[in-house]
Amino acid sequence: MTNLLLRPLFLVCLLTGSLFAQYDLLLKGGHLVDAKNEIDEAKDVAIQEGRIAEVADSIDPSRAAKVVDISGLYVTPGLVDIHVHVYAGTGMKNAFSGDNSVYPDGFSFRSGVTTMVDVGSSGWRNFPDFKQRVIDRARTRVLAMLNIVGRGMGGDPIEQNLDDMDAAATAKMAMQYPETIVGVKTAHYRSTEWIPVERAVEAGTKADIPVMVDFGSFLKERPFEELVTKKLRPGDMYTHTYLGRVPLLDEQGKPRPYLFEAQKRGVKFDVGHGAGSFWWFQAVPSVKNGFIADSISTDLHFRSMNGGMKNMTNVMSKFLALGLPLKDVVRKSTWEPAKQIKRTELGHLSIGAVADVAVFRLDNGKFGFLDIRNARYEGDQLLTCELTLRDGKVMWDLNGRAGTPWEEVQTSGR
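Scope of this entry: the structure provided in the associated data block. (Residues numbered from 1 in each chain as written. Predicted model: local features only at pLDDT ≥ 70, side-chain atom pairs only at ≥ 80, totals over all residues. Heavy atoms only, no water.)

### Here's the deal with unusual backbone geometry
Then, number 1: Between aspartate 156 and the following residue, proline 157, the backbone shows a cis peptide bond with an omega angle of 0 degrees.
Then, number 2: Checked against the element boundaries, proline 157 lands in the loop between β10 (141-147) and α3 (167-176).
Then, number 3: Positive phi, close to 55 degrees, is recorded for asparagine 94, a residue that is not glycine.
Then, number 4: Mapped onto the elements of the fold, asparagine 94 is located in the loop between β8 (79-84) and β9 (113-123).
Then, number 5: Relative accessible area serves as the criterion here: at 65%, asparagine 94 is assigned to the exposed category.
Then, number 6: Even without a glycine there, the phi angle at aspartate 299 is positive, about 55 degrees.
Then, number 7: Mapped onto the elements, aspartate 299 comes out in the loop between α7 (280-288) and α8 (312-321).
Then, number 8: Taking relative accessible area as the criterion, aspartate 299 reaches 6% and is therefore assigned buried. (Helix = DSSP H or I, 4+ residues; strand = E, 2+ residues; numbered from the N terminus. Buried < 20%, exposed > 50% of the residue type's maximum accessible area, 1.4 Å probe, protein only.)

### Here we look at the layout of surface pockets
Then, number 1: Estimated volume of the largest pocket: approximately 380 Å³.
Then, number 2: The class makeup of the residues in the lining of the largest pocket is five nonpolar, 11 polar and eight charged. (1 Å grid on protein atoms, 1.4 Å probe; cavity = no way out; pocket = protein on both sides within 12 Å on 5 of 7 lines; lining within 4 Å. Points joined across faces, edges and corners; volume = space filled by probe spheres on them. Nonpolar A, V, L, I, M, F, W, Y, C, P; charged D, E, K, R; others polar.)

### Structural notes on the pairing of strand β1 (residues 23-28)
Then, number 1: Where β1 and strand β6 (residues 64-69) come together, five bridges link them in parallel fashion. Bridge pairing links leucine 25 to lysine 66 in β6.
Then, number 2: Relative to strand β4 (residues 44-48), β1 is paired through three bridges, and the arrangement is antiparallel. Bridge pairing in β4 links leucine 26 to alanine 46. (Pairing = 2+ DSSP bridges.)

### Topic: the environment of valine 55
Then, number 1: The topology assignment puts valine 55 in strand β5 (residues 51-56).
Then, number 2: The class of valine 55 is partly exposed, set by a relative accessible area of 24%.
Then, number 3: For the pair valine 55 and valine 197, spaced 142 residues apart in sequence, the C-alpha to C-alpha distance is 43 Å.
Then, number 4: When residues no more than four places from it in sequence are discounted, the contact partners of valine 55 are Leu32, Lys43, Asp44, Val45, Leu349 and Ile351. (Contact = heavy atoms within 4.5 Å.)

### Some thoughts on the sheet that holds β6
To summarise the sheet geometry, strands pair through backbone hydrogen bonds and adopt either a parallel or an antiparallel arrangement.
Then, number 1: Strand order in the open sheet formed by four strands is β5-β4-β1-β6, and the pairing between neighbours is mixed. The strands lining the two open edges of the sheet, one partner per strand, are β5 and β6. Going across the sheet, the axis of each strand differs from the next one's by a mean of 20 degrees, ignoring polarity. (Axes fitted to C-alpha atoms, helices over the stretch in contact; angles between N-to-C directions.)

### What about helix α5 (residues 224-231)?
An α-helical turn contains 3.6 residues, so any two residues separated by three or four positions project in the same direction.
Then, number 1: Residues Phe224, Leu227, Val228 and Thr229 constitute the buried set of α5. For α5, the angular spread of buried residues about the axis comes to 165 degrees, placing them on one side.
Then, number 2: The inward-facing, buried residues of α5 abut α4 (195-207), β12 (211-213), β13 (237-239), α6 (257-264) and β14 (268-270). (Arc of directions from axis to C-beta.)

### A word on the side chain of aspartate 371
Then, number 1: Looking at the secondary structure, you find aspartate 371 in the loop between β15 (357-370) and β16 (376-390).
Then, number 2: Of the side chains with opposite charge, arginine 373 comes closest to the buried, unpaired aspartate 371, at an N-O distance of 4.3 Å.
Then, number 3: A distance of 3.0 Å separates a polar atom in the side chain of aspartate 371 from the backbone nitrogen of tryptophan 280.
Then, number 4: Those residues in contact with aspartate 371 that lie beyond four places of it in its chain are Phe278, Trp279, Trp280, Gly308 and Lys318. (Lys, Arg positive; Asp, Glu negative; His and termini not counted. Salt bridge = Lys/Arg side-chain N within 4 Å of Asp/Glu carboxyl O. Polar contact = N/O pair within 3.5 Å; in protein donor to acceptor, adjacent residues only side chain to side chain.)

### Overview of empty space enclosed by the protein
Then, number 1: Under the criterion given, the structure shown has two cavities of 30 Å³ or more.
Then, number 2: Roughly 60 Å³ of internal volume is contained in the largest cavity.
Then, number 3: Taken together, Pro77, Gly78, Val80, Thr114, Thr115, Arg141, Glu345, Leu346, Gly347, His348, Val354 and Asp356 make up the full set of residues lining the largest cavity.
Then, number 4: The residue inventory of the lining of the largest cavity, partitioned by class, reads four nonpolar, five polar and three charged.
Then, number 5: Its volume calculated, the second largest cavity comes out at about 40 Å³.
Then, number 6: Taken together, Thr186, Ala187, His188, Tyr189, Pro196, Val197, Val213, Asp214, Phe215 and Arg222 make up the lining of the second largest cavity.
Then, number 7: Of the residues in the lining of the second largest cavity, the class split is six nonpolar, two polar and two charged.

Structure representation (structure tokens):
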């Protein structure tokens with residue numbers, strides 16, 4: 001009698017195999033690029049309960065409840081875009097703490113991005129609103145750098161108000177939310193004082209977090225060279241590296257020596273492409289002569305997404321066109337930015353790490369890439385995101401690779 005009762009259960013298990021599966025999901029046949037673990041070769045990746053469970057040359061598919069064939073594709077950690085603006089929904093016109101921002105989920109997963117860092121859209125006064133309005137509701141992991149201006153990027157005159165640049169209040173808010181706030185930002189300042197930078201560094205020092213600077217106006221009274229060689233600490237970041245106004249090149253068109261000195265002392269340079277901050281005439285000779293940004297980021301907002309920037313994979317493809325190997329482009333989009341924001345649990349696929357994973361197709365052909373002035377640069381490779389997982393769950397599947405053949409899907413319950 002007992003055997004008769006157990007027989008149906010045995011048949012179900014035999015048919016599905018899922019009850020005995022060791023892993024929830026297996027990515028089979030891909031080429032893994034993982035900078036932290038120095039992997040750039042074919043590897044299978046197994047996921048269990050939202051974590052990386054095994055990485056090996058070959059994993060038996062019978063051990064997984066679901067197997068996704070990604071032969072011919074590249075597997076990377078979920079991308080970490082450390083320059084975005086996603087404080088949307090406030091209704092503020094012409095402000096990054098409002099209408100200039102976009103909601104994160106519509107732009108992250110389709111480009112392989114699983115972590116975004118909003119840089120300075122909010123300050124200590126309105127960060128709680130940003131948190132409940134966007135961060136707590138997003139499926140994308142959204143982190144933040146607080147603007148040194150208490151009201152954040154509210155446009156002028158808000159962003160020029162020295163009286164609202166409070167280092168102590170900024171540090172206090174950062175220390176109140178250490179799981180979310182990963183830095184301090186100063187941006188768009190137009191006058192001659194160093195006060196915004198100095199107060200941002202003061203706040204960053206108090207909270208033990210890095211500072212990111214968008215320099216605003218480039219003035220002789222506060223030279224850019226002094227910013228990156230004296231004012232910023234090791235680990236602090238300058239963003240908009242290939243902006244047209246940055247004094248990158250000498251009379252011979254070569255990168256100026258102080259740039260390498262700044263990198264050597266530990267200052268980081270971030271791409272921050274945006275709608276106005278990536279010029280081919282700066283990027284091409286700089287990269288060709290060895291001055292390369294440490295992190296690749298989009299500066300995503302409502303204008304940049306429809307211009308030369310487009311999305312993270314497009315910006316990454318530009319650096320492939322400039323001659324960087326894929327492994328370096330991936331490193332600057334995953335592990336390097338994770339280290340810069342001191343979130344080293346991200347940006348890699350070590351055993352036990354969160355299963356934030358991106359899968360890319362690398363097409364060969366003839367492709368054109370625009371800078372912010374519609375200047376075209378041609379390349380022969382283009383990255384396209386095929387699949388994105390956040391915490392082991394499929395969030396983007398361009399060609400239905402993780403789907404079930406329609407013939408096998410039950411039609412009941414329509």
